[in-house]
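# Secondary and tertiary structure notes
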Amino acid sequence: TSGDILGMLNILLLNQPGKNLADSILYSDIHIDEGKVVTYGIGPSFTSLEPGKEYPYEGTIAENIMTYGLDRIIVADTFQSIKPIDWALFIPCNVNSYYAEPYFEDGILRTVLIFCSSRKGVFNEENSRSYSSLYSLFYEGLKLWRKTTLK
């Protein structure tokens, strides 16, 4: 159920490294072959986001990562951004800065975790690296969730 994935995201949010920079997390389940991204969010920025909402792959952070071969995206101020996704999703949800990290399975982009803050300028190259360690724990639960939910 979507509650399982939201619970896992909440555990990440409550156990983030350092100074708890993120106040919300968005998980993007990437399906490049189907041209879609399915999102789940936790935290005050995403209370109105419907869990499991599908978006077209085109224009997403995932597409940016793949197109430009990025290992992460850090946006210090969404209001300074030219990315359509920032104006369509993040700014209306009161996300003023974020850090997005992609995760690949068998060479295919399957997950983007986006750590979000309602404050500007929160994430940088140095502090964002500490978030990478969270994925291995999340991935174990994610594999089980996919097996039981996405049959």
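The following refers to the structure shown.

Cut-offs and rules
Residue positions within a chain follow its written sequence, with the count starting from 1. Thresholds applied to this predicted model are a pLDDT of at least 70 for local features of residues and 80 or more for the giving and counting of side-chain atom pairs; totals over whole chains, interfaces and linings are not thresholded and use all residues. Side-chain calculation: all heavy atoms of the structure are included, whereas hydrogens and water are not. In this analysis, a patch consists of residues with relative accessible area above 30% that form no salt bridge, clustered at 9 Å for like charges and at 5 Å for the nonpolar side chains Val, Leu, Ile, Met, Phe, Trp and Tyr. Per-residue and other accessible areas were derived by the Shrake-Rupley procedure at a 1.4 Å probe size, with only the shown protein chains allowed to occlude residues. Each reported salt bridge corresponds to a side-chain nitrogen of Lys or Arg within 4 Å of a carboxyl oxygen of Asp or Glu. Per the convention used, a helix needs a DSSP run of H or I reaching at least four residues, while a strand needs a run of E reaching at least two, with both numbered from the N terminus. Residue burial is assigned from relative accessible area. The probe radius is 1.4 Å, only protein chains are included, and a residue is buried under 20% of its type maximum, exposed over 50%, and partly exposed in between. This arc is built from the directions going out from the helix axis to the C-beta atoms. Contacts are assigned to residue pairs with any non-hydrogen atoms lying within 4.5 Å of each other. Strands pair, by our definition, only if DSSP identifies at least two bridges between them. To obtain an axis, a line is fitted to C-alpha atoms, over the contacting stretch when the element is a helix, and the angle between two such axes runs from 0 to 180 degrees between their N-to-C directions. A pair of aromatic rings is counted whenever rings of Phe, Tyr or Trp (Trp by its six-membered ring) have centres within 6.5 Å, and the orientation is called stacked for planes under 30 degrees apart, edge-to-face for over 60 and tilted otherwise.

## A look at a nonpolar patch on the surface
Together, Ile32, Met66 and Phe104 give the surface a local cluster of nonpolar side chains, amounting to about 250 Å² of exposed area. For Phe104, the position within the fold is in strand 5 (residues 97-105). Owing to a relative accessible area of 43%, Phe104 belongs among the partly exposed residues under this scheme.

## Considering unusual backbone geometry
Positive phi outside glycine occurs at Asn94, with the angle close to 65°. Inspection of the secondary structure puts Asn94 in the loop between helix 3 (84-90) and strand 5. Even without being glycine, Asp106 reaches a positive phi, approximately 55°. Take Asp106: it is sitting in the loop between strand 5 and strand 6 (108-117).

## Considerations on the pattern of salt bridges
With the rule as written, the count across this model stands at 9 salt bridges. For Glu54, the salt bridge identified is with Lys36, shortest N-O distance 3.3 Å. Of this pair, Glu54 sits in strand 3 (residues 53-56) while Lys36 sits in strand 2 (residues 36-42), and the two are 18 residues apart along the sequence. Residue class for Glu54 comes out partly exposed when judged on its relative accessible area of 49%. Close ionic contact of Asp77 with Lys120 constitutes a salt bridge, the shortest N to O distance being 3.9 Å. Here Asp77 is found in the loop between strand 4 (73-75) and helix 3, whereas its partner Lys120 is found in the loop between strand 6 and helix 4 (125-129), with 43 residues between them in sequence.

## Details of helix 2 (residues 61-68)
If you check which residues of helix 2 are buried, you get Ile61, Ala62, Asn64 and Ile65. In a view along the axis of helix 2, the buried residues occupy a sector of 165°, so they form one face of it. In this structure, the buried residues of helix 2 make contact with strand 1 (24-31), strand 4, helix 3, strand 5 and strand 6. Following helix 2 by one or two positions, Gly69 adopts a phi angle in the positive range, close to 60°.

## Some words on the sheet that holds strand 3
Pairing in this open sheet of 6 strands is antiparallel, and the strands run 3-2-1-6-5-4 from one edge to the other. Across the chains shown, the open sheet's two edge strands, defined by having one partner strand only, are strand 3 and strand 4. The mean angle between the axes of side-by-side strands here comes to 20°, regardless of whether they run parallel or antiparallel. With 7 bridges joining them, strand 1 and strand 2 adopt antiparallel strand pairing. When the sheet's bridge partners are listed, Ser28 is paired in strand 2 with Thr39. Lying on the sheet, helix 5 (residues 134-149) is in contact with strand 1, strand 2, strand 5 and strand 6; it crosses strand 6 at an angle near 120°.

## Some thoughts on the packing of aromatic side chains
Throughout the structure, instances matching the rule amount to 14 aromatic pairs. Ring centres of Tyr99 and Phe123 lie 6.3 Å apart, and the angle between their planes is 35°; this geometry places the pair in the tilted category. Highlighted residues: Tyr99 in strand 5 and Phe123 in the loop between strand 6 and helix 4, separated in sequence by 24 residues. Tyr99 sits in the buried class, given a relative accessible area of 0%. By relative accessible area, Phe123 is classed as buried at 4%. Ring geometry for Phe115 against Tyr131: centres 4.5 Å apart, planes inclined by 55°, an arrangement best described as tilted. Placement of Phe115 in strand 6 and of Tyr131 in the loop between helix 4 and helix 5 is noted, with a sequence separation of 16 residues between them. With a relative accessible area of 1%, Phe115 lands in the buried category.

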